[in-house]
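# Structural overview
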There are 2 protein chains.
Amino acid sequence: MAEIGSPSPDRSPSSFPIMAASRSPLAPPHFPDMPAVAGVASAVGACGLKADGAADLWLAVMAPAGAVAGVLTRSRCPSAPVDWCRGALGQGRVRAIVVNAGNANAYTGAAGRATVEATAAAAAGLAGCGPEQVMIASTGVIGEPLDAARLTGPLPALWRAAAPGGWPAAAAAIGTTDTFPKGASAQTTIHGQAVTVVGIAKGSGMIAPDMATMLAFVFTDAAIPAPVLQRLTERANAVSFNCLTVDGDTSTSDTLLVVATGAAGHPPVADADDPALAGFADTLARVMVDLARQVAGDGEGARKRITIMVSGAADPDMARQVGLAIANSPLVKTAIAGEDANWGRIVMAVGKSGAPTDRDRLAIRIGGVAVAAEGRAVAGYDETPVARHLRGHEIDIAVDLGLGPSAATVWTCDLTHGYIDINASYRS
Amino acid sequence: MAEIGSPSPDRSPSSFPIMAASRSPLAPPHFPDMPAVAGVASAVGACGLKADGAADLWLAVMAPAGAVAGVLTRSRCPSAPVDWCRGALGQGRVRAIVVNAGNANAYTGAAGRATVEATAAAAAGLAGCGPEQVMIASTGVIGEPLDAARLTGPLPALWRAAAPGGWPAAAAAIGTTDTFPKGASAQTTIHGQAVTVVGIAKGSGMIAPDMATMLAFVFTDAAIPAPVLQRLTERANAVSFNCLTVDGDTSTSDTLLVVATGAAGHPPVADADDPALAGFADTLARVMVDLARQVAGDGEGARKRITIMVSGAADPDMARQVGLAIANSPLVKTAIAGEDANWGRIVMAVGKSGAPTDRDRLAIRIGGVAVAAEGRAVAGYDETPVARHLRGHEIDIAVDLGLGPSAATVWTCDLTHGYIDINASYRS
């Protein structure tokens, strides 16, 4: 998580805590087998920001420069790396990405900006490119100075070590309170040419979609100009990371970067709506949804992943608004943590969402079982199968607003004692 | 709290749980000594909705009818009593108020509406008034049918027993998860005539201001026409209950009623802005702020009350928006529960508030100690006095946005294991 701390003089930056939280029950059995992406090499190292000396620095190198698109936090208190990427993304090319975990370099003033500039200059010097072709992301404690030398010192060695693939190591290096590394990949074709899409992401608290949440990096060997890639990235983000919340707290550091190296060798496609890109657009969204669901399943303290399907909305924004109101309700999340079929709290959350819903058209299903409709509990409602569903790890809530044709799916997790344990003592 | 449940056939309505939560450390030493209000009589009884047979039904009688004003939840899934009051408030007079705890009569469809109508008719029959002069409020489990006989049966005995005062019993009867009864009173003058203002309220979860939150009832012997009383009530609500949040979950049942009997005998004042009402307006707001602070101090699981003062805003709405973003942040609330001076989370919450703030103009104080300003931690920041402040029960956070002249104060509480304990097993 892009976490926040106090620059109290008695803390060394290296004391950033690694959570001992047990592995999420939603964790996949193993990290997916993900192929290398032609034109992308990477390496990880330790710059001493994680307390246990674990890898906390990741360098990705694109040679030649790839097209880059991105979505950054809408926080009004963005980190120095977010400010940097917002400026650098405009020129649309990326030669290197430098990411550290353990210090967010957020709310660090001029010193934080200087650290980002020094890091970009160092990577640019190695790559022989302009600094604006270096993207930077940091996650960890906020408000604590980040010494540029911690990042620039190891860069030459990482540059020499950079090799294709290495996704498990990269996903682990960028993690903070995550209990498992997150990766997803898929293949598609453009003009008959096979194309690979690979992504990694980290959570796992301070997760709220406004927009893009946490850090996520997606690479493809497709040949797609930056403006087209930006359109496709924003569309995919709208149905993936932007439909994800753990605690409703939007990070200062949220960064999603999507890189297209063009190494696949198909003719470039210059229009986001070109049918030749339909398969790629779907694949990009599928990879990002997979990553978003993994982040929800690894929300701090999560024991259950909650998938909220809202249908019957007048428009997609209304569907998402209602879904997020349910997903961010502490009362809904604690009831599910307690395996309590307390569906009235879903009614409450719909009612407070701010969307112009109609109580008497609302229909609610839990685990596929109809529990409420037409302004009351369904006749002969039997809680038994719902209670059984709630004892599992994957919880499905379906809400039909009965107002229109639009739908949205939102992902979150339950609110448990684990979240309090992690966040009441984050810095201790 | 206006709580929510499942109408599972295996639960009898009388199984509504009374929380065994320990008394809040923010509780006042004793219920305040509050005078009777001329023209108001009340009585309490048990109608079997609380599991332990405690009083859960309250009747207040105004003779003659008093002027009434109200603010009701903005939930799109309001309870049947809220729908009733919304219709009945228009005529501006009240002879009786009937309140039950243990069942919110929310999301109960036509049967719920029939129960409200039967209850109003029964009270109106006793009072010899029209049913529209009976106001009704219910709090407790949502989605569970409420048998009208439970309320109408005891009403005649309560009518006979109604007597002046009795505020401690009334405040206790309307409570659910509250760990202490909430009351406040004050005296003022209108045209030189002494006037009394008395209020009671209940929390303590599903508390979010949109608008009026939980149940609150205020009585005065002032002589104020209903339209004027409505204006004054809305103004006082804007700086009291509407600046209060426990968990950001807006109840289906939120109801604030303010009754003016006119028994004080001063000449009626027909203009809300008449200087003769200035003292009364201040007193009304002071009583409601007192009640709001008590609700914050009794939020479910609360161990600390958090007062957030936002200044330097461009307008009052911006100040309130930022204050509520901080007050509703689970990461801020868990850090304070952990007595962790993790001020970066306040930066995060300001950043996510949606208000057009400026990171580099922001200034943050905790317990009066400057911790951050000009986009970074203050030079030579010493965490020691802040940590000492956080070990107390009353936590003060001051945020200056550096943008304008407006300010707002928001009240909330910390987020503790107690909240999870209460809400993960609410119905069990």
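Quantities reported herein were computed from a predicted structural model and do not represent experimental measurements. (Residues numbered from 1 in each chain as written. Chains lettered and ligands numbered in written order. Predicted model: local features only at pLDDT ≥ 70, side-chain atom pairs only at ≥ 80, totals over all residues. Heavy atoms only, no water.)

The next subject is the domain arrangement of chain A. All names here are of chain A. Taken domain by domain, chain A holds domain 1 (3-296) and domain 2 (305-424). Domain 1 and domain 2 are separated by 31 Å when their C-alpha centres are compared. Tallying the contact residues gives 19 residues for domain 1 and 17 residues for domain 2. Interface area, domain 1 with domain 2, both sides summed: about 1600 Å², of which 58% is carbon and sulfur. Ranking the residues of domain 1 by area buried against domain 2 places Leu26, Cys243 and Arg293 at the top, with a combined share of 37%. Counting every contact that joins domain 1 to domain 2 gives one salt bridge. (Domains from an automatic or database assignment. Contact = heavy atoms within 4.5 Å. Buried area = accessible area lost by both parts, 1.4 Å probe. Salt bridge = Lys/Arg side-chain N within 4 Å of Asp/Glu carboxyl O.)

Turning our eyes to something else, we now look at the sheet that holds strand E11 (residues 363-366) of chain B. Neighbouring strands of a sheet are bound in pairs by backbone hydrogen bonds; such pairs are parallel or else antiparallel. Residues and elements named next belong to chain B. What the six strands build is an open sheet, ordered E13-E12-E11-E14-E10-E15; its pairing is mixed. The outermost strands of the open sheet, each flanked by one partner alone, are strand E13 (376-377) and strand E15 (406-413). Sheet topology places E11 next to strand E14 (residues 394-400); four bridges connect them, and they run antiparallel. The residue of E14 that forms the bridge with Ile366 is Ile397. (Pairing = 2+ DSSP bridges. Helix = DSSP H or I, 4+ residues; strand = E, 2+ residues; numbered from the N terminus.)

The next subject is the relation of the copies chain A and chain B. Taken together, a rotation about one axis and a shift along it account for how the two chain copies relate. Of the transformation superimposing chain A on chain B, the axial component is 0.0 Å and the angular component is 180°, with the fit at an RMSD of 0.0 Å. The transformation relating the two chain copies, once decomposed into turn and shift, fits a two-fold axis. Residue His417 of chain A, judged by its C-alpha, is the member of chain A lying nearest the rotation axis, at 3.0 Å. Mapped onto chain B, 100% of the interface residues of chain A are again interface residues, and the two copies thus contact each other with one and the same surface. (Least-squares fit on C-alpha atoms with pLDDT ≥ 70 in both.)

All names here are of chain A. If you walk across this open sheet you meet the six strands as E13-E12-E11-E14-E10-E15, and the pairing is mixed. Whereas interior strands pair on both sides, the edge strands pair on one side only; in this sheet they are strand E13 (376-377) and strand E15 (406-413). Direction of pairing for strand E12 (residues 369-373) relative to E13: antiparallel, over a ladder of two bridges. The residue bridging Ala373 from the neighbouring strand is Arg376, located in E13.

Enumeration over the complete set of coordinates arrives at 18 salt bridges over all chains. Its salt-bridge partner being Glu394 of chain A, residue Arg293 of chain A comes within 3.7 Å of it at the nearest N-O pair. Residue Arg293 of chain A is found in helix H7 (residues 278-297), and its partner Glu394 of chain A is found in strand E14 (residues 394-400); the two are separated by 101 residues along the sequence. Looking at Arg293 of chain A, the relative accessible area reads 26%, which means it is partly exposed. Where Asp360 of chain B meets Arg359 of chain B, a salt bridge forms, and the shortest distance between an N and an O atom there is 3.2 Å. It is possible to trace a salt-bridge network through shared partners that takes in Asp83 of chain A together with Arg359 and Asp360 of chain B. (Buried < 20%, exposed > 50% of the residue type's maximum accessible area, 1.4 Å probe, protein only.)

Moving on to the interface of chain A and chain B. At the interface, 66 residues of chain A touch 66 residues of chain B. Summed over both partners, the interface of chain A with chain B buries about 5300 Å², with 56% contributed by carbon and sulfur atoms. Summed over the three residues of chain A that lose the most area to chain B, namely Arg76, Tyr107 and Arg359 of chain A, the buried surface amounts to 16% of that side. Where Asp83 of chain A meets Arg359 of chain B, a salt bridge forms, and the shortest distance between an N and an O atom there is 3.0 Å. Where chain A packs against chain B, one counts 13 residue pairs in polar contact (both at pLDDT 80 or more). The set of elements that each furnish at least two residues to the side of chain A that touches chain B consists of helix H2 (109-127), helix H9 (330-337), helix H10 (344-352), E12, E13 and helix H12 (417-424) of chain A. (Polar contact = N/O pair within 3.5 Å; in protein donor to acceptor, adjacent residues only side chain to side chain.)

Our focus in this paragraph is the environment of Gly128 of chain A. Examined against the element boundaries, Gly128 of chain A turns out to sit in the loop between H2 and strand E4 (134-141). Assessed through its relative accessible area of 70%, Gly128 of chain A is described here as exposed.

Attention shifts here to unusual backbone geometry. Residue and element names in this part refer to chain A. Pro64 follows Ala63 through a cis peptide bond whose omega is 0°. With respect to the helices and strands, the residue Pro64 is situated in strand E2 (residues 57-72). Even without glycine at this site, Tyr107 takes up a positive phi of about 55°. Tracing the sequence through the fold places Tyr107 in the loop between strand E3 (93-103) and H2. Not every positive phi belongs to a glycine, and Glu374 is a case in point at roughly 55°. Mapped onto the elements, Glu374 comes out in the loop between E12 and E13.

One finds Ile224 and Phe280 of chain A together with Ile224 and Phe280 of chain B to be the most contacted residues of the largest nonpolar core, which totals 170 residues. Excluding anything up to four places from it in sequence, Ile224 of chain A contacts Ala67, Ile190, Leu229, Leu232, Ala260, Leu277 and Phe280 of chain A. (Core = buried A, V, L, I, M, F, W, Y, C linked by side-chain atoms within 4.5 Å.)

Before going further, it helps to examine the environment of Glu374 of chain A. All names here are of chain A. In this structure Glu374 comes out as exposed when scored by relative accessible area, which is 65%. A sequence separation of 15 residues divides Glu374 from Arg359, and the C-alpha atoms of the two residues are 7.5 Å apart. Among all residues touching Glu374, those that are not within four sequence positions of it are Asp360 and Leu362.

A complete count under the given rule lists eight aromatic pairs over all chains for this structure. Summarising the aromatic geometry, the rings of Trp58 of chain B and Phe217 of chain B are spaced 5.3 Å apart at their centres and angled 70° between planes, so their arrangement reads as edge-to-face. With Trp58 of chain B in strand E2 (residues 57-72) and Phe217 of chain B in strand E8 (residues 215-220), this pair connects stretches of sequence that are 159 residues apart. Per residue, the accessibility class of Trp58 of chain B equals that of Phe217 of chain B, and both read buried. Put simply, the rings of Trp58, Trp167, Phe217 and Phe219 of chain A touch in pairs and so form one group of aromatic residues. (Phe/Tyr/Trp six-rings, centres within 6.5 Å; stacked < 30°, edge-to-face > 60°.)

The next thing to look at is the side chain of Thr139 of chain B. Of note, Thr139 of chain B is situated in strand E4 (residues 134-141). On the accessibility criterion, Thr139 of chain B (1% relative accessible area) is buried.

Quick look at the pairing of E4 of chain B now. All names here are of chain B. A large share of E4 lies buried, amounting to eight of its eight residues. Sheet topology places strand E3 (residues 93-103) next to E4; eight bridges connect them, and they run parallel. Looking across to E4, one finds that Asn103 is bridged to Val141. After leaving E3, the chain enters helix H2 (residues 109-127) and then returns to the sheet as E4, a path that is right-handed. (Right-handed = clockwise from strand over helix to strand, strands pointing away.)

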